[in-house]
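# Topology and contacts: notes
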Amino acid sequence: MTTAPPGGAVRGAPPRRFPRGWARGQARLAYVLPAALGLAVLAVYPLVQLVRMSFSAVTSSTLQNPWALVGWGNFAADAKGGELWAALGNTGIFALIVTVVGLVGGFAAAVALRDSGRWPAFLLGMMVFIWALPPVVNGSVWKFLLGDSGLFNTLIHATGLAHSPVPFLYDQHMALYSVAFVNSWAVVPFNALVFRAAMLGVPAEIFEAARLDGAGPAKEIRHILIPAVRPTTLVLTVLTVVYAFRSFDFIYVMTYGGPGTATNTLPFLGYLQAFVQYDYGKGAATAVLAALLVIVLAVVYARSVNKEENE
C-alpha cells in the first residue's frame, strides 16, 4: 500500500507526462516569444506612438509635455496645404518609374545572365555588390556622376550633344526623374536575382523541345520565360512599389527634396515637417498616410504570396 507524502503526491506513482503536442506548442512559443517581444518594442510601440502623435498638437515646445488631442486637425491642415498633394503626385510618379524600370531591367538582366559561365557569374556578383551598397553611398556616387563636372556631363560635352552642363539634379522637371532612375538602378539587381531563380526552375527539356520546333530566342522569351515568371512578377511588383513608396535615402542625399519641392515625396515631406519645421504632429500625420499606403500594398503582397503557394 502506498502512502501519500505531505505534498499530496502518491509515493511510487509514475511521473505525470504532458501530451506530446503540448510540449511542441510550448517549444514553438519559446522560439517565437523573443521575436514577438522585439517586434512589439521596436515596431508596434513606435507605430502606436506615431498614430497618437498624428492626432495631437506636438511641436518642439510641447514634445516633453502632455500632448493635446486635436482629432483630425493635423490631417485637415495637411490636406488644405498644397504640399501634401504635390508630394503624393511626386510619390506616384517616382513609384511608377522605379517599378517599371526595375521590373523591365531586372527581367532583361535575368534573361541575359540565366546561362552559367564565368562572365555571367562575375556580372551577377557585381550586381549583388551594387544592390548591397548602402543607399547613402550609392546616392553620393550618383550625385557626383550626374553633377556638372560628372561623368555623364563630361561625355555629353565630349560628344557635342550639349554645350552646357545638363542639370540632372537641379532642374525642376528633371530632378525627380533622375533620382527615380537612380533608385531603379539600385533595385534592378534584386529583381534580376529573383527573376533568374524563377527561370532556372524551368526544365531544360522545354527549351530543347522549343528549339527543335524552330523557336528562336524571342519566342522562347515570349512563350516560355514570361509565362514562367508571371507569379514572380506579381510578387516583385508589389515589393518594388513598396520599396519605391518608402524611399527616402536617395532623395535626402541627392536633392534634399529640391529644387524647391520638385522631389518631395510623402516620406521626405514627413521628415521636413517633423525635423525641419518641428511640427511633429503634422509630420506624423503625413507619415501615417504613407504607412497606410504601404499597408495596403503589403496586404496585396501577402494575398498574392498565399495565392501562389496554394497554386
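Our structure's up above, just so we're on the same page.
Here the structure is a predicted model, which means the values were calculated and not measured.

The subject of this paragraph is the overall build of the protein. Scanning the protein from terminus to terminus reveals 13 helices and two strands. Judged by the C-alpha coordinates and their principal axes, the protein covers about 105 × 75 × 30 Å. Within the span of the protein, comprising 311 residues, buried residues form 34% of the whole. By sequence separation, contacts in the protein at least 24 residues apart represent 66% of the contacts at least 6 residues apart. Taking the 20 positively charged and 14 negatively charged side chains of the protein as two groups, their mean positions are separated by 16 Å.

Time to look at the packing of aromatic side chains. Evaluated as defined, the whole model comprises 20 aromatic pairs. Judged by centre distance (5.6 Å) and plane angle (25 degrees), the ring pair of Phe-248 and Tyr-252 falls under stacked. Owing to a relative accessible area of 24%, Phe-248 belongs among the partly exposed residues under this scheme. Taken together, the ring pairs in this structure connect Phe-248, Tyr-252, Tyr-256, Phe-268, Tyr-271, Phe-275, Tyr-278 and Tyr-280 into an aromatic cluster.

The subject of this paragraph is the pattern of salt bridges. For the structure on display, the rule yields two salt bridges. One salt bridge connects Glu-220 with Arg-114, and the closest N-O pair in it is separated by 3.6 Å. Of the two residues, Glu-220 sits in helix 9 (residues 217-228) while Arg-114 sits in the loop between helix 3 (82-112) and helix 4 (118-132), which places them 106 residues apart along the sequence. Residue classification places Arg-114 among the buried positions, given a relative accessible area of 19%.

What follows deals with the nonpolar core. If you look at the biggest cluster of nonpolar residues, it comprises 29 residues, and the most contacted ones within it are Phe-94, Leu-146, Val-179 and Met-254. Per-element accounting of this core gives the leading share, six residues, to helix 7 (residues 175-200). Dropping the residues within four chain positions of it, Phe-94 is found in contact with Leu-176, Val-179, Ala-180, Asn-183, Ala-244, Ser-247 and Ile-251. Among the nonpolar cores identified, the runner-up in size contains 14 residues, and Leu-103, Phe-195, Ala-198 and Val-229 belong to it.

Further remarks concern a nonpolar patch on the surface. Nonpolar side chains collect at one region of the surface, where Trp-119, Phe-122, Leu-123, Met-126 and Phe-129 lie side by side and expose about 560 Å² of accessible area between them. Here Trp-119 shows up in helix 4. Look at Trp-119 and you get exposed, because its relative accessible area is 61%.

Since the α-helix packs 3.6 residues into each turn, any two residues three or four apart lie on the same face. Here helix 7 contains 26 residues, and its C-alpha end-to-end distance of 38 Å stays within 8% of the 38 Å for a straight helix at 1.5 Å per residue. The largest bend in helix 7 amounts to roughly 35 degrees and is located at Val-187, with the proline Pro-189 lying one to four residues further along.

Between Gly-258 and the following residue, Pro-259, the backbone shows a cis peptide bond with an omega angle of 0 degrees. Secondary-structure assignment places Pro-259 in the loop between helix 11 (249-254) and helix 12 (266-275). One non-glycine residue, Tyr-256, lies in the positive phi region at around 55 degrees. Tracing the backbone through its elements, the reader meets Tyr-256 in the loop between helix 11 and helix 12.

Look at helix 3 against helix 7: their axes get within 6 Å of each other, and the N-to-C directions meet at 40 degrees. Relative to helix 7, the element helix 3 is oriented oblique. Where helix 3 crosses over helix 7, the two elements pack in a sense that is right-handed. Residue classes in the contact of helix 3 with helix 7 are distributed as 20 nonpolar, seven polar and one charged.

Right, let's get into the side chain of Lys-282. You can see Lys-282 is positioned in helix 13 (residues 280-310). Asp-78 provides the closest opposite charge to the buried, salt-bridge-free Lys-282, at an N-O distance of 4.7 Å. Apart from residues no more than four positions distant in its own chain, Lys-282 is found in contact with Asn-74, Ala-77, Asp-78 and Gln-273.

Here the focus is the environment of Val-235. Positionally, Val-235 belongs in helix 10 (residues 230-245). When its relative accessible area of 11% is taken as the criterion, Val-235 is described as buried. Measuring from C-alpha to C-alpha, the distance between Val-235 and Phe-248 comes to 22 Å, with 13 residues separating the pair along the chain.

What follows concerns the side chain of Asn-74. Looking at where Asn-74 falls in the secondary structure, it is placed in helix 2 (residues 73-80). Here Asn-74 falls in the buried class, since its relative accessible area comes to 10%. Within polar-contact distance, the side chain of Asn-74 engages the backbone oxygen of Ser-56 at 2.7 Å. In this structure, Asn-74 is in contact with Met-53, Ser-54, Phe-55, Ser-56, Gly-281, Lys-282 and Ala-285, ignoring residues within four places of it in sequence.

Reading the values: the criteria
Residues numbered from 1 in each chain as written. Predicted model: local features only at pLDDT ≥ 70, side-chain atom pairs only at ≥ 80, totals over all residues. Heavy atoms only, no water. Helix = DSSP H or I, 4+ residues; strand = E, 2+ residues; numbered from the N terminus. Buried < 20%, exposed > 50% of the residue type's maximum accessible area, 1.4 Å probe, protein only. Contact = heavy atoms within 4.5 Å. Lys, Arg positive; Asp, Glu negative; His and termini not counted. Charge placed at Lys NZ, Arg CZ, Asp CG, Glu CD. Phe/Tyr/Trp six-rings, centres within 6.5 Å; stacked < 30°, edge-to-face > 60°. Salt bridge = Lys/Arg side-chain N within 4 Å of Asp/Glu carboxyl O. Core = buried A, V, L, I, M, F, W, Y, C linked by side-chain atoms within 4.5 Å. Patch = residues over 30% accessible without salt bridge, like charges linked within 9 Å, V, L, I, M, F, W, Y side chains within 5 Å. Areas by Shrake-Rupley, 256 points an atom, 1.4 Å probe, with all protein chains shown as cover. Expected span 1.5 Å × (residues − 1). Bend = angle between axes of the 7 residues up to and from the residue. Axes fitted to C-alpha atoms, helices over the stretch in contact; angles between N-to-C directions. Parallel < 35°, antiparallel > 145°, perpendicular 65-115°, else oblique. Left-handed = near helix turned anticlockwise from the far one by under 90°. Nonpolar A, V, L, I, M, F, W, Y, C, P; charged D, E, K, R; others polar. Polar contact = N/O pair within 3.5 Å; in protein donor to acceptor, adjacent residues only side chain to side chain.

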